[in-house]
Amino acid sequence: MLPRSLISSSGTRGHGNHKEDSPFLSSPDSDGKRNDFYDRNLALFEEELDIRPKVSSLLSRLVSYTSITQGAKEHEEEESAETSRRKTPKSPNMGTLMGVYLPCLQNIFGVILFLRLTWIVGMAGIIQSLLIVIMCCSCTMLTAISMSAIATNGVVPAGGAYFMISRSLGPEFGGAVGLCFYLGTTFASAMYILGAIEIFLKYLVPQAAIFHSTDPLGNDSTLLNNMRVYGSICLSLMAVVVFVGVKYVNKLASLFLACVIISIVSIYAGAVKSMTHPPEFPICMLGNRTLVRDRFDVCAKTVVRGNVTEPSQLWDRFCLPGNLSTAQCDDYFIQNNVTEIQGIPGLGSGVIRDNMWSDYLQKGEILEKAGLQSVEAHSPVENFLNYVSADIATSFTLLVGIFFPSATGIMAGSNRSGDLRDAQKSIPVGTILAITTTSLVYLSSVVLFGSCIEGVVLRDKFGDAVHKNLVVGTLSWPSPWVIVIGSFFSTVGAGLQSLTGAPRLLQAIAKDNIIPFLRVFGHGKTNGEPTWALLLTGLIAELGILIASLDMVAPILSMFFLMCYLFVNLACAVQTLLRTPNWRPRFKYYHWTLSFLGMSMCLALMFISSWYYAIVAMGIAGMIYKYIEYQGAEKEWGDGIRGLSLSAARYALLRLEAGPPHTKNWRPQLLVLLKLDEDLHVKYPRLLTFASQLKAGKGLTIVGSAIQGNFLDSYGEMQAAEQAIKNMMEIERVKGFCQVVVATKVREGVVHLIQSCGLGGMKHNTVVMGWPYGWRQSEDPRAWKTFINTVRCTTAAHLALMVPKNVSFYPSNHERFTDGNIDVWWIVHDGGMLMLLPFLLKQHKVWKKCKMRIFTVAQMDDNSIQMKKDLATFLYQLRIEAEVEVVEMHDSDISAYTYERTLMMEQRSQMLRQMRLSTTERQREVGCTRLGFTSYQTKDLHNRVTVLQAQLVKDRHSLVRMGSLYSDEEEEPVEVPPQKVQMTWTREKHEAEKRNPSGPFNASRLFFLPLARDQSNVRRMHTAVKLNEVIVNRSHDARLVLLNMPGPPRNTDGDENYMEFLEVLTEGLERVLLVRGGGREVITIYS
């Protein structure tokens, strides 16, 4: 991908109108070089050179591009805005050694190696210690392989791990893991400061302690309080140094690294020297218990001064001072001998056999050496202070969490990619070499410590048995002070580096603007230094300082680093498996199985070291993820999660293609047909409200509309319509897709939507459309004709159909029905849709309190009592709770009202047909002349037509015009075939016609049709009238009435009559949902 600073943003896409990267470079100077556009060899492209530049100009700008260095102004927008007035940056010239290898070494080696590794070996033994080191280092090595692949797949600006993860897995994962990495780095600074203070108070200046314990058992709390005070002071001083100038920190980095290397070399030198001349660090033992060596001078019970045997200082610790009487002595002290053993036996002593296996202790348990004779006896509690004891309970999982921070720091090279001469070569080589080096150092150190140092000394965390010396310092050569001073400066340097890097990471996250409440931390000093981010980092680090225990802070930052490494591996695995075209890393020695193995190890280490910390860290990351998802700004970074979603969708669609869903899995997948007004606003948003209440976010919802026009001319209008519909979908909380088509006729556009919406198995099975309100009053028949045509199309496509009538009276999502009924009138069985829809509606809070009633119709020859029992049994098997009623409809004669409604319907149809034949007055006069009408007859016909028009206008104004989906089509000619006018004859008229066959034709005959020459209209009207009477009688107060929708007639001549039947059927009902099944069963009694 081209660098964003070179890319112009154009166009809008999706709901958020967020910018999409154009694949072409902007040409700000194109106006001044118009002659380039008329290159003789590029004449074919001259009209597009403003958006499609020549290759030469593209390459010239790419050569002048330099990636952003760490600590500089990192954001692409700022860089592109200041490109013209910024000086050419100094070209990066750092190689693999100085740019990656040594910074990684400095970040990986740290406080744990000097303060805790000997203690880990003593507790876990050599075997389990090697296992801990191998697990942690393997995890970081696998992560480094994945990171190398990502880092060499393009330029990695400042932000390091955050940039890699966010651009690979999207802003949600990137923000969540970026903040976890930031918290890990911040707590790392606290850990390093605590390590430095521990060295300062324990080994450098013990007398500097402020708090002293008066309680013999309160030493731990006083130590923690001293750590808190000095740690806070040290953190403040370090923050001031970072604030004043980062350049001083970077200049001192090489000095701190030299301290680390000298300290490690002194350890190896001391181990080699111990083969022949082991250092003298005797350990005083009472029985098999280890004694605190600085509490007495001589390791003996008595001393001889001038031929006089006197009690030693050790005797005074366990007995009454100044008295050799054993009456008031500790029983254990009397019954066990005092011996002295060598603390550093040396490399060739064979002590490795004793240190091979673990020896975990509980808190307060005394360090004992196996093999020494000991007589168990009672010992007072106050005398336990004379023994070296464990300060915390230990286990394998605890030690894993404490050691893992010593394997972190592998991102140092990727964070400096802008300073490297060849980042895509240096990052993999330098990082992997650094991890290999540190792993070998850790593994060899474990073996050397176990081979040279006595077990009780290894388990002595603070060196109480060796005169308060740092345990690893006792092995070093030429002096323990080399390790003490070197480790102190190295931990201080590591703390400064963490305090320097963490604010910049937070600033990079804030400048991406994906987490709104962090925007303030993107600002800083005029030179780009993150002042506010540094302040927040200091406050969070202070929380770690207040914990005050190195052993408790280490597992916390282990969680955050492991979370970060887990997602680096996931990012590499996802990109590799998806095989996205942009995934072309120069580092070739990676595989998705290695990434998955690294990801699994990270997850396992998280739960091994501390399952509750792991849950907390994952919870924090999950909350940040959801916050960014719902509140953060939308970003399109071409991330792998989007590609993963596409691959998963493709796989699922291919699986769904196998066949239609089982009845148990059937749910209405909606295609909602909307009408837009002249301003492209949704005319009936309650259709969307109804869809959201029915779906409740489940299944597929497609919202479609048709625009009349030409696609080439109406493309912008189509995009505006899509945006308007999407906005309304968001307001009405409809989760679904939008599709707008442009067609020469709206009717054709609706048919296209019904045929083509959806993809594969994810196609709609139900169509929802509005009722054509005002069709009676409209002189234009296209409204109801398009409606009936849509009904026929859904039937032909075997789709279910729902027509909400009076949809403006339907409840909004904010209303609540506290009572009332949903009445289902089950007249014919149509696949079970009528049973399923109320159940789905009742899942929504609007309809939840409504009760369901099911009515069915019994004829004269039906057993209504048995029908009710059978229906109740059927509903019980369907697990649907509803009241059941059977309505008996007795055969009755067709009423005069039915005949009157039928006659009115047919007269209206005939008159409208005649009106459509007479488009102008002149055509009517010509038509009358041809028929042989007199002027009086012509005037009479004109008057009748005028009266009919006035009646239609009156009806139109008497009803609120609500419009429909189908009323804005273009004019189309009405072709009415010549028909034989069938008149209603009486015997007298027949005789008169015979007597005067050439008499004038009476125009009034046109308006008197036969009284239902086809009795089917009368029968249908009779059914509609009778059903309407029964439904209104029983369900006039229902919240919603669901009703079988009869199908349109096979003969299209009766379409207008069909609309009248539906009007009569639903007359007097406030909310009606006409339902028509798709020809398959949608509900089953089986589980």
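Counting of residues starts from 1 at the beginning of each chain's written sequence and follows it residue by residue. Per-residue local features are limited, in this predicted model, to residues with pLDDT of at least 70; the limit for side-chain atom pairs, both in listing and counting, is 80 or more; totals at the level of whole chains, interfaces and linings are taken over all residues. Only hydrogens and water are set aside; all other atoms, that is, all heavy atoms of the structure, feed into the side-chain values.

Draft legend 1. Spotlight on the overall build of the protein chain. Runs of E in the DSSP output that reach at least two residues are strands. Runs of H or I that reach at least four are helices, and both are numbered from the N terminus. Each helix and strand counted, the protein chain has 33 helices and 17 strands in total. A burial count over the protein chain gives 51% of its 1087 residues as buried. Sequence-distant contacts in the protein chain: of pairs separated by 6 or more residues, those separated by 24 or more amount to 80%. Each residue's exposure class comes from its accessible area (1.4 Å probe, protein chains only) as a fraction of the maximum for that residue type: buried when under 20%, exposed when over 50%, partly exposed otherwise. When checking whether two residues touch, look at their non-hydrogen atoms; a contact exists if any pair is within 4.5 Å.

Draft legend 2. A nonpolar patch on the surface, seen in detail. Patch membership needs two things, relative accessible area over 30% and no salt bridge, and members are linked within 9 Å if like-charged or within 5 Å if nonpolar (Val, Leu, Ile, Met, Phe, Trp, Tyr). Exposure was quantified through the Shrake-Rupley algorithm and a 1.4 Å probe, taking into account, for residues, occlusion by the shown protein chains and nothing else. The salt bridge definition used is simple: a Lys or Arg side-chain nitrogen within 4 Å of an Asp or Glu carboxyl oxygen. Together, Leu 603, Phe 607, Trp 611, Tyr 612, Ile 615 and Met 618 give the surface a local cluster of nonpolar side chains, amounting to about 610 Å² of exposed area. When residues of the nonpolar patch are traced back to their parent elements, those giving at least two are helix 19 (592–609) and helix 20 (611–631). Among the elements that line the nonpolar patch, the one with the most residues is helix 20, at four residues. Given the relative accessible area of 46%, Ile 615 is considered partly exposed.

Draft legend 3. The arrangement of the sheet that holds strand 9 (residues 701–708) in detail. We treat two strands as partners when DSSP finds at least two bridges between them. The strand order across the open sheet built from ten strands is 10-9-8-11-12-17-16-13-14-15, with neighbouring strands paired in mixed fashion. Every interior strand has two partners, whereas the edge strands, strand 10 (737–743) and strand 15 (883–888), have only one. Here the average twist between neighbouring strands, direction ignored, is 20°. Of the strand pairs in this sheet, strand 13 (residues 821–826) and strand 16 (residues 1040–1044) are connected by four bridges, and their pairing is parallel. Bridge pairing in strand 16 places Trp 825 opposite Leu 1043. Axes here refer to lines fitted to C-alpha atoms; in helices the fit is confined to the stretch in contact. Angles between the N-to-C directions go from 0 to 180 degrees.

Draft legend 4. Structural view of the environment of Lys 425. Inspection of the secondary structure puts Lys 425 in helix 13 (residues 423–452). The spatial distance from the C-alpha of Lys 425 to the C-alpha of Ser 148 is 9.2 Å, given a sequence separation of 277 residues.

Draft legend 5. Representation of the pattern of salt bridges within the structure. Overall, the coordinates contain 14 salt bridges when judged by the stated rule. Linking Arg 293 and Glu 340 is a salt bridge whose minimum nitrogen-to-oxygen distance equals 3.8 Å. Separated by 47 residues along the polypeptide, Arg 293 in the loop between strand 4 (289–290) and strand 5 (302–305) and Glu 340 in strand 7 (residues 338–342) bring together distant segments of the chain. Judged by relative accessible area, Arg 293 falls into the buried class, the value being 6%. The partner of Lys 468 in a salt bridge is Asp 464, with the nearest N and O atoms 2.6 Å apart. A relative accessible area of 15% places Asp 464 in the buried class. Here the salt bridges do not stand alone but share partners, grouping Arg 116, Glu 198, Asp 391, Lys 461 and Asp 551 into one network.

Draft legend 6. The arrangement of the nonpolar core in detail. If you look at the biggest cluster of nonpolar residues, it comprises 168 residues, and the most contacted ones within it are Met 191, Phe 403, Met 411, Tyr 442, Phe 449, Ile 453 and Phe 567. For this core, the element with the highest residue contribution is helix 6 (residues 161–204), accounting for 24 residues. Once residues within four sequence positions are removed from consideration, Phe 449 is found in contact with Leu 117, Thr 118, Val 121, Ile 267, Asn 355, Leu 458, Val 472 and Leu 475. To qualify as a nonpolar core, a set must consist of buried Ala, Val, Leu, Ile, Met, Phe, Trp, Tyr and Cys residues joined through side-chain atoms within 4.5 Å. Judged by nonpolar contacts, the second largest core, of 99 residues, contains Leu 676, Leu 834, Leu 840 and Val 884.

Draft legend 7. Broad picture of the confidence of the model for the protein chain. Taken residue by residue, the protein chain gives an average pLDDT of 78. The fraction at 70 or more is 75%. Confidence scores here are pLDDT values: one per residue, from the predictor, ranging 0 to 100. Per-element averaging of pLDDT across the protein chain places strand 1 (residues 7–13) at the bottom with 39 and helix 19 at the top with 94. Note on residues 1–38: pLDDT is under 50 here. Beyond four places in sequence and across chains, it has 72 contacts. Within the model, pLDDT remains below 50 along residues 65–89, and this stretch shows 40 contacts once partners closer than five positions in the same chain are excluded.

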